[in-house]
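Residue-level listing of the chains:
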Amino acid sequence: MSDEPIHAALLLEQGFAVFESVGEGGFRVVGEPPPFLAELLGDEAHAAELRLGDKFPFLENFLFDAEEIWQAPTGERAESGTWIESADGGREFALEATALWLAGKRVLLLQNPQERFDRQVQVLQTARDSLLEHEKLLREIQKKEILRTASCTIFRSPSPPCADVSRCWACSRSRPI
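Residues numbered from 1 in each chain as written. Predicted model: local features only at pLDDT ≥ 70, side-chain atom pairs only at ≥ 80, totals over all residues. Heavy atoms only, no water.

The next subject is the overall build of the protein. A tally of helices and strands in the protein yields 6 helices and 5 strands. In sequence order, the protein lays out its α and β elements as α-β-β-α-α-α-β-β-β-α-α. Buried positions account for 30% of the 177 residues belonging to the protein. Residue pairs in contact within the protein that sit at least 24 positions apart in sequence constitute 40% of those at least 6 positions apart. Only carbon and sulfur atoms are counted for the fraction: they give 55% of the accessible area of the protein, which is about 12,200 Å². (Helix = DSSP H or I, 4+ residues; strand = E, 2+ residues; numbered from the N terminus. Buried < 20%, exposed > 50% of the residue type's maximum accessible area, 1.4 Å probe, protein only. Contact = heavy atoms within 4.5 Å. Areas by Shrake-Rupley, 256 points an atom, 1.4 Å probe, with all protein chains shown as cover.)

Written out as structure tokens, the structure is:
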């Protein structure tokens, strides 16, 4: 029993596309391209050689960092961070790239961490909503504090016409606070 199908299935399941750099900005797909790559690149996903920098502008800039890593097999890696690419149909994909040496080859991994990205977006949205709700509550507390302070000032004022509570109440009813 061969382990190759397990490795290929694992890469597809985790949303990885594996490329080998063939130099001059060209890349060869290793294995079967995952569905997200086929959606982003169409038929070109199966091409013998791809110029990924031409297809993904963010990646084009990252490839400068990748070239530094690929100068010598030091065991280091470069990671791009997350960016968004849109397919022709308008569907958006979160992507991350990693450049490294693997088995003596210059390898570029493209990952679609959509589930993780969606969870991060949800956490950030929840935090934002909580912050907005907190700010709203603070404003309400401040309003109530201003009204409490104003009412205390009115009811404790020794100067006419609010010398006593009954006159103060009459004043407050005739003038808006």
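Turning next to the pattern of salt bridges. If you walk through the whole model with that rule in mind, you get 9 salt bridges. Here R28 makes a salt bridge to E20, at a shortest N to O gap of 2.6 Å. With a shortest N-O distance of 3.9 Å, E79 and R77 are connected by a salt bridge. Through salt bridges with shared partners, one network takes in E20, R28 and K105. (Salt bridge = Lys/Arg side-chain N within 4 Å of Asp/Glu carboxyl O.)

The next thing to look at is the pairing of strand β1 (residues 16-23). Of all 8 residues making up β1, 6 are buried, and the element is well covered by its neighbours. Inspection of the sheet shows β1 paired to strand β5 (residues 105-111) by 5 bridges, in the antiparallel sense. Looking at the pairing, A17 lines up with L110 of β5. Taken together, the 5 bridges between β1 and strand β2 (residues 26-30) define a ladder with antiparallel strand orientation. Directly across from F19, in β2, lies its bridge partner V29. A loop of 2 residues connects β1 with β2, the two strands running antiparallel in sequence, and E24 in this loop sits at a positive phi of about 55°. (Pairing = 2+ DSSP bridges.)

Once that is clear, we can look at the sheet that holds strand β4 (residues 92-102). In space, the 5 strands of this open sheet follow the order β2-β1-β5-β4-β3, with antiparallel pairing throughout. The open sheet has two edge strands, β2 and β3 (77-86), and neither has a second partner. The mean angle between the axes of side-by-side strands here comes to 30°, regardless of whether they run parallel or antiparallel. Relative to the sheet, helix α4 (residues 57-69) contacts β2, β3, β4 and β5, its axis offset from that of β3 by approximately 170°. (Axes fitted to C-alpha atoms, helices over the stretch in contact; angles between N-to-C directions.)

Right, let's get into the packing of aromatic side chains. Taken as a whole, this structure holds 3 aromatic pairs when the rule is applied. Relative to F27, the ring of F19 lies with its centre 6.4 Å away and its plane at 80°, an arrangement referred to as edge-to-face. A single burial state applies to F19 and to F27, both of which are buried. Grouping aromatic residues by their ring pairs yields a cluster made of F19, F27 and W70. (Phe/Tyr/Trp six-rings, centres within 6.5 Å; stacked < 30°, edge-to-face > 60°.)

This next bit is on unusual backbone geometry. Despite not being glycine, E24 has its phi angle at roughly 55°, a positive value. Its place among the elements puts E24 in the loop between β1 and β2. Look at E24 and you get exposed, because its relative accessible area is 75%. Although it is not a glycine, A103 sits at a positive phi angle of roughly 55°. On the secondary structure map, A103 appears in the loop between β4 and β5.

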